[in-house]
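# Structure at a glance
Chain by chain, the residues run as shown.
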Amino acid sequence: MPVSDIIPLSPDFDADPHSFFARLREAGPVHLVSGPNTRLNEPYWLVVRYEEARAALTHPGLLKDWHATDLFPGIEPTAANANMLESDPPHHTRLRRLVAREFTARRVEAMRPRVQQITDGLLDAMAARPERAGDLIRDLAFPLPMTVICELLGVPDLDRERFREWSQEVVAPKPGALDNSAHQQLSVYLAELVKAKAESPGEDLLSALIRTRDEDGDSLSPDELIGMAFLLLVAGHETTVNLISNGVRALLAHPDQLAALRADYDGLLGGAIEEMLRYDGPVQNTTYRYTGEDVEIGGVVIPAGQAVLISLAGADRDPERFPEPDVFDIRRPAGGHLAFGHGLHFCIGAPLARMEGRIAVRGLLERFPDLAVDPDGGPLEWLPGALMHGVSRLPVRW
């Protein structure tokens, strides 16, 4: 199959990846593509249609543990890489079981009053600003999930500015950044954090993960604890930042949908969050998989040893699955989108992200009936790269 350099990761792609994915979907479900800043030295395979993406997400021949491959030459794995997202069964099964023992629905639901309290405090600070304008990401979309995940894990003193820089370099690396220095620095930082928590445990999730044992006495190793802290902290805030900011952008761009939501929060808010996730979800493409054997997807045979990305954004606007997929409709029947993945790597933090999204969006809209994009706030700054989709700042007035 010829290589398609149809995704150059240009500013146009960062702002509107959906038109690129639409062109690819029309041409077929699976493509061999190339583009700069993919951390690979060779083309990779991209799955863009819904049914094929769903199948790929559960295909046993598509593996996540890249450490024994030569896909990323010169990049040494760190303790931060010892996480569920970069592992396969049976190792993944073991890690997920140990984490699921503590990261329960009951623990997440117990956070609801605190999530509401944090949201109210952030909105109070916005309301007190005399200029009635600011950056929604700086003022709400970032500090809310960052505070929540830090308190959930029991690390309220986290150096958030420094962590934010490392985290963004991991999920949205700057052009030309082909090393894993951010992973290395995070590993060192989190090793100290885990050590301090082990010496002074509390009732938080990280302390529980340090203590947990399954029926056979198995527990997480020191590197696995670092990897789990890395995954929960990074994924636990970056995706929710984009859920809130992308969702608010979509509502402000569709005043009829915004008006409908304001008129019926109880009836439409849950569906609105699901449509935000489908229409412009926080994760554009999955992290890399590779073929442990020849794998057939959508009639295309991908040879063994090849890198594969699954486009969640492409799948969630597939007209074969979602009628009028480019229409933002908060009354669309909920369910079926792949924004949180599918199968054994389905996002373990999805219930927490949904809760935060509902509380943040409703609180923001109820508090500020005149909320609008600030035309004097300057152009939007899009996150670079192939993994996440969103903006680094969102100027608004209220």
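See the structure above.
Below is a short write-up of the structure. Just so it is clear, the model here is predicted, and its values are computed rather than measured.

### Notes on the pairing of strand S8 (residues 307-310)
Going residue by residue along S8, you find Ala307 and Leu309 tucked away on one face and Val308 and Ile310 tucked away on the opposite face as well. As defined by bridge partners, strand S2 (residues 44-47) adjoins S8 across three bridges and the pair is classed as parallel. Directly across from Trp45, in S8, lies its bridge partner Val308.

### Quick word on helix H14 (residues 265-279)
With 12 of 15 residues buried, H14 lies mostly within the body of the structure. Along H14, the residues that are buried comprise Tyr265, Leu268, Leu269, Gly271, Ala272, Ile273, Glu274, Glu275, Met276, Leu277, Arg278 and Tyr279. Those residues of H14 that are buried lie in contact with helix H2 (17-27), helix H12 (222-253), helix H13 (255-263) and helix H16 (350-367).

### What to know about the side chain of Asn242
Relative to the helices and strands, Asn242 resides in helix H12. With residues up to four places along the chain from it excluded, the contact list for Asn242 reads Gly247, Pro282, Leu383, Met388, His389 and Gly390.

### A few points about empty space enclosed by the protein
Counted by the stated rule, this structure contains three cavities of 30 Å³ or more. Each pocket or cavity is described by its volume, and for the second largest cavity that value is around 70 Å³. Lining the second largest cavity, in full, are Gly271, Glu274, Glu275, Arg278, Phe322, Arg332, Pro333, Ala334, Gly335 and His337. The class makeup of the residues in the lining of the second largest cavity is three nonpolar, three polar and four charged.

### A word on the pattern of salt bridges
Within this structure, the stated rule accounts for 21 salt bridges. Linking Arg162 and Asp159 is a salt bridge whose minimum nitrogen-to-oxygen distance equals 3.1 Å. Across the salt bridge formed by Arg362 and Asp266, the nearest N and O atoms sit 3.0 Å from each other. Remark: Asp266 occurs in helix H14 and Arg362 occurs in helix H16; sequence separation between them is 96 residues. Among the residues examined, Asp266 registers a relative accessible area of 68% and is labelled exposed.

### With respect to the environment of Phe103
Relative to the elements of secondary structure, Phe103 occurs in the loop between helix H4 (91-100) and helix H5 (105-109). For Phe103 and Met146, which are 43 residues apart along the polypeptide, the C-alpha to C-alpha distance reads 17 Å. If we ignore the near neighbours within four places in the chain, the residues touching Phe103 are Val108, Leu152, Leu205, Leu232, Ile348 and Gly349.

### Describing the environment of Leu136
Looking at the element boundaries, Leu136 is found in helix H7 (residues 136-141). Leu136 sits in the buried class, given a relative accessible area of 0%. Along the sequence, Leu136 and Arg367 sit 231 residues apart, while their C-alpha atoms lie 14 Å from each other. For Leu136, the contacting residues outside a window of four places in its chain are Met126, Ala141, Val248, Leu364, Leu394 and Val396.

### Some remarks on the side chain of Asp139
Note that Asp139 resides in helix H7. There is a polar contact of 2.8 Å between the side chain of Asp139 and the side chain of Arg129.

### Points about the packing of helix H9 (residues 160-171) against helix H10 (residues 181-199)
At a closest axis distance of 9 Å, the pairing of H9 and H10 adopts a crossing angle of 140°. Relative to H10, the element H9 is oriented oblique. Considering how the two elements wind past one another, H9 and H10 form a crossing that is left-handed. Contacts between H9 and H10 pair Arg162, Phe163, Trp166, Glu169 and Val170 from the former with Ala182, His183, Gln185, Leu186 and Tyr189 from the latter. Taken together, the residues of the contact of H9 with H10 break down into six nonpolar, two polar and two charged.

### Brief notes about the sheet that holds strand S3 (residues 62-63)
The sheet built from five strands is open, its strands ordered S1-S2-S8-S5-S3 with mixed pairing. Strand pairing shows two members of the sheet lacking a second neighbour, strand S1 (30-33) and S3, which therefore form its edges. Helix H3 (residues 50-57) contacts S2, S3, strand S5 (289-291) and S8 of the sheet and is inclined by roughly 125° relative to S8.

### Considerations on the sheet that holds strand S9 (residues 372-373)
As summarised here, the arrangement of the three strands in space is S4-S12-S9, forming an open sheet in which the pairing is antiparallel. Taken across any chain shown, the strands that pair with only one partner, and hence form the sheet edges, are strand S4 (133-135) and S9. The pairing of S4 with strand S12 (residues 395-397) spans three bridges and is classified as antiparallel. Residue Asp135 lies in a different strand from S12, and its bridge partner there is Pro395.

### Some details on the packing of aromatic side chains
On inspection of all chains with the given rule, the structure shows six aromatic pairs. Relative to Tyr189, the ring of Trp166 lies with its centre 5.5 Å away and its plane at 65°, an arrangement referred to as edge-to-face. Linking Trp166 in helix H9 with Tyr189 in helix H10, this pair joins segments that are 23 residues apart in sequence. A relative accessible area of 9% means that Trp166 is categorised as buried. The class of Tyr189 is buried, set by a relative accessible area of 18%. The aromatic ring of Phe322 is capped on one face by Arg278, whose charged end is 5.4 Å from the ring centroid. Arg317 extends its terminal NZ or CZ atom over the ring of Tyr279, reaching a point 4.1 Å from the ring centre.

About the thresholds
Residues numbered from 1 in each chain as written. Predicted model: local features only at pLDDT ≥ 70, side-chain atom pairs only at ≥ 80, totals over all residues. Heavy atoms only, no water. Buried < 20%, exposed > 50% of the residue type's maximum accessible area, 1.4 Å probe, protein only. Helix = DSSP H or I, 4+ residues; strand = E, 2+ residues; numbered from the N terminus. Pairing = 2+ DSSP bridges. Contact = heavy atoms within 4.5 Å. 1 Å grid on protein atoms, 1.4 Å probe; cavity = no way out; pocket = protein on both sides within 12 Å on 5 of 7 lines; lining within 4 Å. Points joined across faces, edges and corners; volume = space filled by probe spheres on them. Nonpolar A, V, L, I, M, F, W, Y, C, P; charged D, E, K, R; others polar. Salt bridge = Lys/Arg side-chain N within 4 Å of Asp/Glu carboxyl O. Polar contact = N/O pair within 3.5 Å; in protein donor to acceptor, adjacent residues only side chain to side chain. Axes fitted to C-alpha atoms, helices over the stretch in contact; angles between N-to-C directions. Parallel < 35°, antiparallel > 145°, perpendicular 65-115°, else oblique. Left-handed = near helix turned anticlockwise from the far one by under 90°. Phe/Tyr/Trp six-rings, centres within 6.5 Å; stacked < 30°, edge-to-face > 60°. Lys NZ or Arg CZ within 6 Å of the ring centre and 35° of its normal.

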